[in-house]
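In case you want the letters, here they are:
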Amino acid sequence: MMISETSKPDTVQTEKRKWLYPLVRKGKFYQYRTWLSYFYLILFFAGPYLRINGNPIFLFNVVERRFVILGQVFWPQDFFLFVLGMLAFVVGIVLFTIAFGRIFCGWICPQTIFMEMVFRKIEIWIEGDAKQRRKLDEGPLTNEKILKKASKHLIFVVLSFVIANTFLAYVIGSESLLKIITEPVTQHISGFISICIFTAAFYLVYSQAREIVCTVICPYGRLQGVLTDKHTLMVAYNYLRGEPRGKRSRQQTKAPKGDCVDCGLCVDVCPTGIDIRKGPQLECINCTACIDACNQVMEKINRELNLIGFYSEETIEKKTKPKFTARMAGYSSVMVVLFGVLAYFVLQRSDIDLTVLRSAGLLYQEQPGGYISNIYNADIINKTNQSQHINLVADDPSIKIKYIQTPGTLAKEESTKITFFLLVPATSIHNAKTDIKLNVVQGNKILGSANTTFIGPIN
Ligand code: SF4
Ligand code: SF4
C-alpha cells in the first residue's frame, strides 16, 4: 500500500501572508511538550499568588524599580546584581543555542506554549482539524461559520484578558492587581488602560500574528545563523538516509530509494510552514512536531525511526556522535564564573542597605569633652519582609553617634533618611581624613554596614 501523498503544505496564500493550517500529530515529543506545558501554565498562572517568605516568586516592577526573583527582593541599589544575572542568563541562552539550537523556542518560550498548547487546541476544538479549518475559512459565510468564528474569537479575547491580568500581576504585584479589579475603574485608569492594551496585544499575537512572531519579529530567531554551527544539535533531516526521496509501498522494504516517502507530513505539521528537508532554517523553532510526524510514517513502512531527529551537520555527514566542542567549553566556563560571582554577591547581600554621605561643604566642629564632630546623611532601606528596630553603631566603640533623626523602626521594605553627628575623640584623629565603618544593628545583630570618611584637625 502506498503512503498517501500530501502535495503541498496546508496553507492559504493571501496577498499579505501565507496562512498556515498545521496538522497535529500526537507522538512522543508532543506528549512531552504537553506535560511541560501543563507545568508551565500552572506555574505562570499561579506564580503571582505563590509566596516565598511572604514575597512573590517573581515580580518585575519596572515603575518602582523593585524586582523579586525566587522570593529575594532586589532594589535599585542591587542593580549590578540584576545586570550580572541578566548577563549570566544571556550567556546561558547563547550556550544553550550553540549546543541545541532554537529548542528554547519550541519547548519553553511562552509564545509557542500559548500558541500551540492553548490557542491552537481551542481552535481545533471549535473549528476542527487542518482540512476542516481551511475549508471553513475558504467557504461561504454561513450561520455555522459565524457561530464558530464568533465563539473562537470570544474565547481568545477572554483568554487574552486572563493572560494580560496575570502578566500585569508580575509587574505590579497581585495585591495591586486585585485593587484594580475590585475597586472602581475611575480610581485605576492607568491600570485599566494597561490591561486593555495587553489584552489587545495578546489577542492579536495569538489570533493573527502567530508564527510571524517567531519567524520575523523575534530577534533571538534572527541570531541563530550566528550562534549555531556544524556541531549544534537541532531538529534536522538525515538527508543521507532520506534521499533520493519517493513513494513506495509498505511491503517494499528494500526499495532503491531513500527512506523519505515524500508524504509531506513533516511540512503539514510544521507550525512555521517550512520544509525541514531543505536543511536547517532560521524559521525552525525546534518544536519537534516533524519528528513525531515522520516517526509515525517510518513506523508504518517498517523503517528505522528518526529520519528527522536531533542531529548536527557533522553527526549526519560523518555519522559520529555529538561533540562537546571548545566553543561550548568556553561559554560554559564564562557562565559558571558569572553564576558563581552572582551567587557570591547574592549570599553576601545584607538585610539592610545603608548609604552614608558626609554633608557636603561642612567642616568639622569641636565638641565638649574633647570630641570632634562631622555631620552625615544616611539612606537606610529595610530589604526584608519584617519590620526592624534598628540603630547605628560605629565599628570603633570610642566613636559616639548623636542623632538629629533616629532610624527607629523600619517597616518591611521601607526606607528612611536620617541625619546624625559622628563624634570622634580628638586624640584618635591622626589624619585629615579617617575611614570609619558604621553598622546597622538590631540588638547585637549586624544587619548592614557602610564605610564613610571623617575629617578633623591633625594632631
Ligand atoms: S521526511 Fe518523513 S514525514 Fe517528511 S516527507 Fe519524508 S517521510 Fe514524510
Ligand atoms: S521544521 Fe519541524 S521542528 Fe522545525 S518548526 Fe517545523 S515542525 Fe517544528
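Here, every reference points to the structure presented above.
The rules behind these values
- Residues numbered from 1 in each chain as written.
- Chains lettered and ligands numbered in written order.
- Predicted model: local features only at pLDDT ≥ 70, side-chain atom pairs only at ≥ 80, totals over all residues.
- Heavy atoms only, no water.
- Buried < 20%, exposed > 50% of the residue type's maximum accessible area, 1.4 Å probe, protein only.
- Helix = DSSP H or I, 4+ residues; strand = E, 2+ residues; numbered from the N terminus.
- Arc of directions from axis to C-beta.
- Contact = heavy atoms within 4.5 Å.
- Near = heavy atom within 4 Å.
- Nonpolar A, V, L, I, M, F, W, Y, C, P; charged D, E, K, R; others polar.
- Expected span 1.5 Å × (residues − 1).
- Patch = residues over 30% accessible without salt bridge, like charges linked within 9 Å, V, L, I, M, F, W, Y side chains within 5 Å.
- Areas by Shrake-Rupley, 256 points an atom, 1.4 Å probe, with all protein chains shown as cover.
- Salt bridge = Lys/Arg side-chain N within 4 Å of Asp/Glu carboxyl O.
- Pairing = 2+ DSSP bridges.
- Phe/Tyr/Trp six-rings, centres within 6.5 Å; stacked < 30°, edge-to-face > 60°.
- Lys NZ or Arg CZ within 6 Å of the ring centre and 35° of its normal.

Here we take up helix H7 (residues 174-182). Within the span of H7, buried status applies to Ser174, Leu177 and Ile180. Buried residues of H7, viewed axially, fall in a sector of 115 degrees; they line one side. Along H7, the residues that are exposed and aim more than 90 degrees away from the buried face are Leu178 and Thr182. Residues of H7 that are buried sit in contact with strand E3 (51-52), helix H6 (143-172) and helix H8 (189-209).

Lining the immediate surroundings of ligand 1 are Tyr237, Cys260, Val261, Asp262, Cys263, Gly264, Cys266, Arg277, Cys294, Met298 and Ile308. Residues of the shell around ligand 1, tallied by class, amount to eight nonpolar, one polar and two charged.

Let's shift gears to helix H16 (residues 326-348). Since the α-helix packs 3.6 residues into each turn, any two residues three or four apart lie on the same face. End to end, H16 covers 33 Å across 23 residues, agreeing with the expected 33 Å (1.5 Å per residue, within 8%). Buried-residue contacts for H16 involve helix H2 (79-100).

Taken together, the side chains of Leu36, Phe39, Leu43, Leu50 and Ile108 present a nonpolar region at the surface, about 420 Å² in accessible area. By secondary structure assignment, the location of Ile108 is in the loop between helix H3 (103-107) and helix H4 (110-127).

This paragraph deals with the pairing of strand E18 (residues 433-442). For a regular strand, side-chain orientation follows a simple rule: the groups alternate between the two sheet faces. Inspection of the sheet shows strand E14 (residues 391-394) paired to E18 by four bridges, in the antiparallel sense. When the sheet's bridge partners are listed, Ala394 is paired in E18 with Leu438. Both E18 and strand E19 (residues 445-455) contribute to a ladder of 10 bridges, which runs antiparallel. Along E19, the bridge assignment pairs Gln442 with Lys445.

Under the defined criterion, the tally for this structure stands at 24 aromatic pairs. Relative to Phe114, the ring of Phe44 lies with its centre 5.4 Å away and its plane at 75 degrees, an arrangement referred to as edge-to-face. Residue Phe44 is located in helix H1 (residues 28-46), and its partner Phe114 is located in helix H4; the two are separated by 70 residues in the primary sequence. Site record: aromatic cluster; members linked through ring pairs are Tyr40, Phe44, Phe45, Phe114, Phe119, Phe156, Phe167, Tyr170, Phe198, Phe202 and Tyr206. The positively charged end of Arg349 is found above the aromatic ring belonging to Phe74, 4.6 Å away from the centroid. The ring centre of Phe421 lies 5.7 Å from the NZ or CZ of Lys402, which sits over that ring.

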